[in-house]
Protein chains: 2
Amino acid sequence: MVRQLRAEATRAAALRAAADLFLDVGHANATLSQVSAQSGVTKGALYFHFASKEELARAIVDEGHERVSTACAGLVDSRSPALESVIGISYSVLELAASDPLVRVMYRLQMEIDGSETARGSVFCTWGNIFEHLFDRAIEHGDVADHLDSGNASLLVCEMLAGVLMVSEAQSALESAPSRMEKVWNTVLPSLVPPNKLGYFREFAARSLSSFVPSEEFTNA
Amino acid sequence: MVRQLRAEATRAAALRAAADLFLDVGHANATLSQVSAQSGVTKGALYFHFASKEELARAIVDEGHERVSTACAGLVDSRSPALESVIGISYSVLELAASDPLVRVMYRLQMEIDGSETARGSVFCTWGNIFEHLFDRAIEHGDVADHLDSGNASLLVCEMLAGVLMVSEAQSALESAPSRMEKVWNTVLPSLVPPNKLGYFREFAARSLSSFVPSEEFTNA
């Protein structure tokens, strides 16, 4: 039991060091020797957990998926209104990318990993499944404009969220990604919700942003 | 002169083969030996042009930037209306990603390259500069809603375009990316243009899509 806990701690230390290193020098330039040096995990222990740099990258992607799913799961509560959950998840996903290096590097790595043979579903598809389920409920609540179906609405939100993430990352401005997302909500809500609910959802998107941005930054925005 | 032309042809063959290979097995898994075998370029000639796999990747990113800029340049004509140019560029960028393997792999690689020391501006920033210039003119024409400035409008279009590109790529559905973009225009135009111009721009976005999608696919859509 103690040995298992120690192995888990070693694995976690290696993943964390590798994420920092990949962000710093890029996955292509990093070596397992550097991961060993930065994590304090011996090369022998490192190879016990990960046969190659590729396998280490895949473990980061899997762990990142897991963390995003966990963060979203807390917001998908069948008792809370569905479109409110979609908005909350969008902020949560962006805040997690800004605050957790492993999640941030996962987004960079997944395109590389998906290009290889052992591809698994992209994180964008994971979001899509969650959003589609929520939009089905939002339609039942009358919170979605008549001309939209849940497939198209969820695809649209995935595209917006992926776009804000990628452009913020390219500009090294991930910390302001939730605020950017609020502007995007402001822009797309008129086409997404029935006219009589626009006021409410714009207000909700603006107010709920404050839960995801440090209060100081929010009041200065 | 002949020698120079031959060197350029060799370089182009290596870039093309590398792009195909990176798409196929992923940049991390590819080797310069495989590029040599697939391109018919000897390893000696390959190393003459590119000192490392990293340098080859960087050359693909630079060449991809160049192709995107060239494709956009033809659409940024000071005589044509600016917001129409923004819409045309959005389709053109997506069509190019779908049809040109080098451009497609550029989008995957640039995140990896940007993480390294010799980072250059992201292609998203290149789009941003072009769009901001065009939105300045569109505002003069009265084609942009009062509350928007060119910085926010261009950032929004960058985010939407990046999002459609990334989600289509993740779903292996790049060929339908221009059609997806038309749906996104339909959604955001109500917040982007003055109410009296909405009808015209929705019609323009729908009709100009046909220039970027093979006619058969368009009529079946």
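Before reading on, note that the structure itself is shown above.
The rules we used
- Residues numbered from 1 in each chain as written.
- Chains lettered and ligands numbered in written order.
- Predicted model: local features only at pLDDT ≥ 70, side-chain atom pairs only at ≥ 80, totals over all residues.
- Heavy atoms only, no water.
- Least-squares fit on C-alpha atoms with pLDDT ≥ 70 in both.
- Patch = residues over 30% accessible without salt bridge, like charges linked within 9 Å, V, L, I, M, F, W, Y side chains within 5 Å.
- Areas by Shrake-Rupley, 256 points an atom, 1.4 Å probe, with all protein chains shown as cover.
- Salt bridge = Lys/Arg side-chain N within 4 Å of Asp/Glu carboxyl O.
- Lys, Arg positive; Asp, Glu negative; His and termini not counted.
- Charge placed at Lys NZ, Arg CZ, Asp CG, Glu CD.
- Helix = DSSP H or I, 4+ residues; strand = E, 2+ residues; numbered from the N terminus.
- Axes fitted to C-alpha atoms, helices over the stretch in contact; angles between N-to-C directions.
- Parallel < 35°, antiparallel > 145°, perpendicular 65-115°, else oblique.
- Left-handed = near helix turned anticlockwise from the far one by under 90°.
- Contact = heavy atoms within 4.5 Å.

Brief notes about the relation of the copies chain A and chain B
Now for step 1: Overlaying chain A with chain B gives an RMSD of 0.0 Å, the required rotation being 180° about an axis along which the chain moves by 0.0 Å. Taken together, the rotation and translation describe the operation of a two-fold axis. Looking at the rotation axis and the C-alpha trace of chain A, the residue lying nearest is Gly-163 of chain A, at 1.8 Å.

Focus: a negative patch on the surface
Now for step 1: Taken together, the side chains of Glu-132, Asp-136, Glu-140 and Asp-149 of chain A make up a negatively charged region of the molecular surface.
Now for step 2: Mapped onto the elements of the fold, Asp-149 of chain A is located in the loop between helix H7 (123–140) and helix H8 (150–170).

Considering unusual backbone geometry
Excluding glycine, residues mostly carry a negative phi; peptide bonds, for their part, are mostly trans.
Now for step 1: Even without a glycine there, the phi angle at Ser-172 of chain A is positive, about 50°.
Now for step 2: Looking at the secondary structure, you find Ser-172 of chain A in the loop between H8 and helix H9 (177–192).

A closer look at the packing of H8 of chain A against helix H8 (residues 150–170) of chain B
Now for step 1: For the pair H8 of chain A and H8 of chain B, interaxial distance at closest approach is 7 Å and the crossing angle is 110°. Classified by the angle their axes make, H8 of chain A and H8 of chain B are roughly perpendicular. The way H8 of chain A lies across H8 of chain B gives a crossing that is right-handed. Across from Leu-155, Cys-158, Glu-159, Ala-162, Gly-163, Val-164, Met-166 and Val-167 of chain A in H8 of chain A, the residues of H8 of chain B making contact are Leu-155, Cys-158, Glu-159, Ala-162, Gly-163, Val-164, Met-166 and Val-167 of chain B.

Points about the environment of Pro-101 of chain A
Residue and element names in this part refer to chain A.
Now for step 1: For Pro-101, the position within the fold is in helix H6 (residues 101–114).
Now for step 2: For Pro-101 and Glu-8, which are 93 residues apart along the polypeptide, the C-alpha to C-alpha distance reads 19 Å.
Now for step 3: For Pro-101, the contacting residues outside a window of four places in its chain are Ala-19, Asp-20 and Leu-23.

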